[in-house]
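Here are the chains, one letter per residue:
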Amino acid sequence: MLIRRPPEPPAREITDEQLFWNRRRFLGALGQGVGTLALAAATPGIAACATDEKLVQGDDKLTPWEDVTGYNNFYEFGTGKGDPKANAGSLRTRPWTVAVEGEVAKPATYAIDDLVRPFPAVERIYRHRCVEGWSMVVPWMGFPLGDLVRRLEPTSKAKFVEFTTLHDPVQMPGQRSGVLDWPYVEALRLDEAMHPLTLVVTGVYGRPLPNQNGAPLRIVIPWKYGFKGGKSIVRIRFTERQPATTWNVAAPDEYGFYANVNPEVDHPRWSQARERRVGELFRRKTLPFNGYAAEVASLYAGMDLRVHY
Ligand SMILES: Nc1nc2c(c(=O)[nH]1)N[C@H]1C(S)=C(S)[C@@H](COP(=O)(O)O)O[C@H]1N2
Ligand SMILES: [Mo]
């Protein structure tokens, strides 16, 4: 039996929809229900407007809480998809400090609450695509990383930002194995970090971030494969040179530094043309830049994305 799906809408529409939903949820949080309903009625393409807001765009529904918080990659707590939920509960996320280092005017070790306090959390519904071929639609809570970076004042030499995850084998049982080089390190080019879509995430589904999703703070870059978004970050370092990142060092031919979602560049061991939305049966087409091409493709103008995969 073949079930036909409507074609994926263009990226532009999806992000407009997302902005719409963001606004609606934001207004809803302020108790302006009447205004938000009027907004919904005036917005074309919204088939339903259920108060539980499960419908995001066409058949792009929010992935249920149980899957967002129960089907995870967080190797510090084990390599199975259920291991992070099973093992991360005891991670102590307060007190927590983040060291800011390198090419920056305001290096310091910040208590997490001081670091995030200036930035009110907003909700952003993003597609989330793992390099393994599964995806979700997640209502993250957080704030643009660029707002934090601007406040930290990188020097004119800073070209990259590196993010390091906590290294504590007592609390993180997966670090007692050598499955990866610990600590987990990821990095972005400074302009990628400053892009308004890139988030510091502190919550999901309107609640504080569960440990298995990277509490107390993690990075989300919606147009890149999930591994670029490091979890439970304790250090942010600004550098002149491209940092060595964990997956890129572990298997450079499989995991490039850029890792932009690209249906045309296969992983050496599998195609990246399609993906399975967690909780669904049939696979769907993967979109260039995960559907955010209109917003981010210009960051890579002139680069060969088959070389810089
Ligand atoms: N520290 C750390 N960060 C990590 C990982 C990890 O193993 N350790 N896995 C990455 C991968 S491969 C993915 S797909 C996402 C998964 O995020 P989620 O579990 O919140 O969906 O986290 C990324 N961040
Ligand atoms: Mo991933």
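Preceding block: the structure.
Residues numbered from 1 in each chain as written. Chains lettered and ligands numbered in written order. Predicted model: local features only at pLDDT ≥ 70, side-chain atom pairs only at ≥ 80, totals over all residues. Heavy atoms only, no water.

*Asks:* Break down the sheet that holds strand 3 (residues 97-102) for me, citing the residues and quoting the values.
*Replies:* Strand order in the open sheet made by the 5 strands is 4-3-12-7-8, with mixed pairing throughout. Both edges of this open sheet fall to strand 4 (108-111) and strand 8 (185-189), since each of them pairs with a single strand only. Sheet twist, expressed as the mean angle between neighbouring strand axes with direction ignored, is 20°. The pairing of strand 7 (residues 160-165) with strand 12 (residues 233-239) spans 6 bridges and is classified as antiparallel. Paired with T164 across the strands is R235, a residue of strand 12. Across the sheet, helix 6 (residues 145-152) touches strand 3, strand 4, strand 7, strand 8 and strand 12, and the angle it forms with strand 12 is around 65°. (Pairing = 2+ DSSP bridges. Helix = DSSP H or I, 4+ residues; strand = E, 2+ residues; numbered from the N terminus. Axes fitted to C-alpha atoms, helices over the stretch in contact; angles between N-to-C directions. Contact = heavy atoms within 4.5 Å.)

*Asks:* Pulling in residues and values, what's your account of unusual backbone geometry?
*Replies:* Along the chain, W182 connects to P183 via a cis peptide bond; the corresponding omega equals -5°. Inspection of the secondary structure puts P183 in the loop between strand 7 and strand 8. The backbone of Y205 shows a phi angle near 50°, a positive value even though the residue is not glycine. You can see Y205 is positioned in the loop between strand 9 (199-204) and strand 10 (207-208).

*Asks:* Go over the layout of surface pockets, please, and point to the residues and values.
*Replies:* One number sums up the size of the second largest pocket: a volume of about 440 Å³. Lining the second largest pocket are 26 residues, with N73, C130, Y184, G226 and F227 sitting closest to its centre. No other element matches strand 6 (residues 134-144), which puts 4 residues into the lining of the second largest pocket. Residue composition of the lining of the second largest pocket, grouped by class: 15 nonpolar, 7 polar and 4 charged. (1 Å grid on protein atoms, 1.4 Å probe; cavity = no way out; pocket = protein on both sides within 12 Å on 5 of 7 lines; lining within 4 Å. Points joined across faces, edges and corners; volume = space filled by probe spheres on them. Nonpolar A, V, L, I, M, F, W, Y, C, P; charged D, E, K, R; others polar.)

*Asks:* Would you mind going over the site of ligand 1 in detail, with residue names and values included?
*Replies:* Near ligand 1, the surroundings consist of 17 residues, among which Y75, E76, H128, G229 and K231 are the closest. One of the side-chain N or O atoms of N72 is found 2.8 Å from an oxygen atom in ligand 1. R218 has a polar side-chain atom sitting 3.0 Å from an oxygen atom of ligand 1. Compared with its free state, where it exposes 530 Å², ligand 1 has 98% of that area covered by protein. Judged by its atoms lying within 2 Å of the grid points, ligand 1 is housed in the second largest pocket. (Near = heavy atom within 4 Å. Polar contact = N/O pair within 3.5 Å; in protein donor to acceptor, adjacent residues only side chain to side chain. Areas by Shrake-Rupley, 256 points an atom, 1.4 Å probe, with all protein chains shown as cover. Sits in = over half its atoms within 2 Å of the grid points.)

*Asks:* Talk me through the pattern of salt bridges; I want residue IDs and the actual numbers.
*Replies:* Scanning the entire structure with this criterion turns up 18 salt bridges. The salt bridge partner of R127 is D60, with a shortest N-O separation of 3.0 Å. Of this pair, R127 sits in strand 5 (residues 122-129) while D60 sits in strand 2 (residues 60-61), and the two are 67 residues apart along the sequence. Across the pair, exposure class does not vary: R127 and D60 are buried alike. The partner of D60 in a salt bridge is R277, and the shortest N-O contact between them spans 2.3 Å. Here R277 lies in strand 13 (residues 274-277) and D60 lies in strand 2, a separation of 217 residues in the sequence. Of the two residues examined, D60 and R277, each falls in the buried class. Here the salt bridges do not stand alone but share partners, grouping D60, R127, R129, E275, R277, E280 and R284 into one network. (Salt bridge = Lys/Arg side-chain N within 4 Å of Asp/Glu carboxyl O. Buried < 20%, exposed > 50% of the residue type's maximum accessible area, 1.4 Å probe, protein only.)

*Asks:* Just give me the short version of the pairing of strand 5, but keep the residues and values in it.
*Replies:* Buried residues dominate strand 5, accounting for 7 of its 8 residues. Across 8 bridges, strand 5 lies against strand 6 in antiparallel orientation. Among the inter-strand pairings, Y126 is bridged to a residue of strand 6, identified as V138. The loop that links strand 5 with its antiparallel partner strand 6 comprises 4 residues; one of these, G133, has a positive phi angle of about 110°.

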